[in-house]
Amino acid sequence: MDGLNKHIAILGAGESGVGAAILAKKMGWNVFVSDFGAIKDEFKTELTENGFEWEEGKHSEERILNADLIIKSPGIPDKAPLIKKLREKGVKIISEIEFGGYYSNAKTIAITGSNGKTTTTMLTYHILKKAGINVGLAGNVGKSFAKQIAEENFDWYVLELSSFQLDDMFDFRADIAILTNITPDHLDRYNYEMQNYVDSKFRILQNQTNNDWFIYNFDDPIIQAEVAKRKITAKTAPFSLVKKQEVGGFADEQQITINIKNEQLTMSIHDLALKGKHNTQNSLASGIASRILEIRKEVVRESLEDFVNVEHRLEFVAKVHGIEFINDSKATNVNSTWFALESMEQPTVWIVGGVDKGNDYSELTDLVRDKVKAIICLGVDNKKLIESFTGVVDTIVEARSAMEAVAYGYRLAKKDETVLLSPACASFDLFENYEDRGNQFKEAVRSL
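Residues numbered from 1 in each chain as written. Predicted model: local features only at pLDDT ≥ 70, side-chain atom pairs only at ≥ 80, totals over all residues. Heavy atoms only, no water.

Q: Go over the pattern of salt bridges with me, naming the residues and quoting the values.
A: Here the structure, examined in full by the defined rule, presents 27 salt bridges. Here Arg230 and Asp199 are joined by a salt bridge, their closest N and O atoms 3.1 Å apart. Taken together, the residues span a long stretch of sequence, with Arg230 in the loop between α10 (221–229) and β11 (235–240) and Asp199 in helix α9 (residues 194–202) at a distance of 31 residues. On the basis of relative accessibility, which here comes to 30%, the residue Arg230 falls in the partly exposed class. The shortest N-O distance in the salt bridge between Glu226 and Lys229 comes to 3.2 Å. Of this pair, Glu226 and Lys229 both sit in helix α10, three residues apart, roughly one helical turn. (Salt bridge = Lys/Arg side-chain N within 4 Å of Asp/Glu carboxyl O. Helix = DSSP H or I, 4+ residues; strand = E, 2+ residues; numbered from the N terminus. Buried < 20%, exposed > 50% of the residue type's maximum accessible area, 1.4 Å probe, protein only.)

Below you can see the structure in the form of structure tokens.
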């Protein structure tokens, strides 16, 4: 796309916005960066050093409305007044990933889903890197895709994509698309219509040809129904924990099996670095993608054995007097917490709570009855949690800080039991963000 002397307005000056600005400048665009909120100091420095015109705390509407192209941060909803005005005027609005794609010949593995996408992305990146592939990591993790295209020269990218990013992608094509699962999330952004959210996730298939691949969760009923309705051009490689797949991957209690290009890879499920059924699915998805790239079986096996998961996602913190402490602060919805509880193998003291996004805790009742011996509510308003689990668990206490929650956990758990922080809620009633919550939890554990 020729940007020579054309005007581009970039809305949002975070990692993706600043990265897009750097690529746009390199490609000859006149760049204006506008953030309705406050811009972090590190990004201000970068904007100033690059000589960009930028503003914070406001949007200069007239200037933005006259741009030839808009790059919108995924955090800005379509309902925002400025976005409505831009749409009425017919100005093209795209995401940073779409913009990066205009100027890149690299191949991509694009990963989306309601849960498990970060782990699957990091795991896939880990395998490719170990195999010696010249690979970049971008999207919701790593550095900005556009910035890497401006400054690096990777042959492959592993991209974690949210539905919001996909909504503003049109010409982008994934060489390998992975869909981990679909459960109701962010429905406020989709007029509370589940089908809108599902359609959004399925945009990951757009523009794929019969040389491309689509890896998906065979056990997910929503995905199954959708796949049956659609004419999918790409080659498909489903993964399953219940049914043998001729092409794709499957697992039982003992081993995982991956069948790609008439070659079979098997490995013991007990050798996987990541525990729990959901992580077996993540391992299958990453393993299938790697075998499509014809990465050697030994490398795939080794990578699945030695992978260290992302911080704040079922992260082992320490063992104190035989009690295991696990930080799953990244679990900000019920579904993520369901996966965490499902993977617990010992009696568990569960730390939960924060800002509730309209959670329905009833889907956790059976698991909690099965796995949880005590609950610690870590939030400002815990009424709904207490109502949901009174009678399911004998002991429910409230804590107002990570320190207090950890002290309770230490008191309530015995040797060979687990204290799990998996909040199922956002964090900003008591913490800055989920990272801050996880870090405070880890500090408290280490000071026991």
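Q: So what's going on with the pairing of strand β16 (residues 323–327)? Residues and values would help.
A: Regular strands place their side chains on alternate faces of the sheet. For β16, the buried fraction is high: four of the five residues fall into the buried class. When strand β15 (residues 315–320) meets β16, the two strands line up antiparallel, connected through five bridges. Among the inter-strand pairings, Ala318 is bridged to a residue of β16, identified as Phe325. Taking the residues between adjacent antiparallel strands as the criterion, β15 and β16 are bridged by two residues, where His321 takes a positive phi near 50 degrees. (Pairing = 2+ DSSP bridges.)

Q: If you had to explain the sheet that holds strand β13 (residues 255–260) to someone new, which residues and values would you point to?
A: Two strands in a sheet stick together by hydrogen bonds in their backbones, pointing the same way (parallel) or opposite ways (antiparallel). On the basis of which strands lie adjacent, the open sheet formed by nine strands has the order β7-β8-β6-β9-β10-β11-β12-β13-β14 and mixed pairing. What marks the edges here is a single partner per strand, and that holds for β7 (135–139) and β14 (263–268). Along the sheet, successive strands turn relative to each other by an average axial angle of 15 degrees, direction set aside. Where β13 meets β14, six bridges bridge the pair, whose relative direction is antiparallel. Pairing of Ile260 across the sheet is with Glu263, part of β14. (Axes fitted to C-alpha atoms, helices over the stretch in contact; angles between N-to-C directions.)

Geometry only, nothing functional implied.
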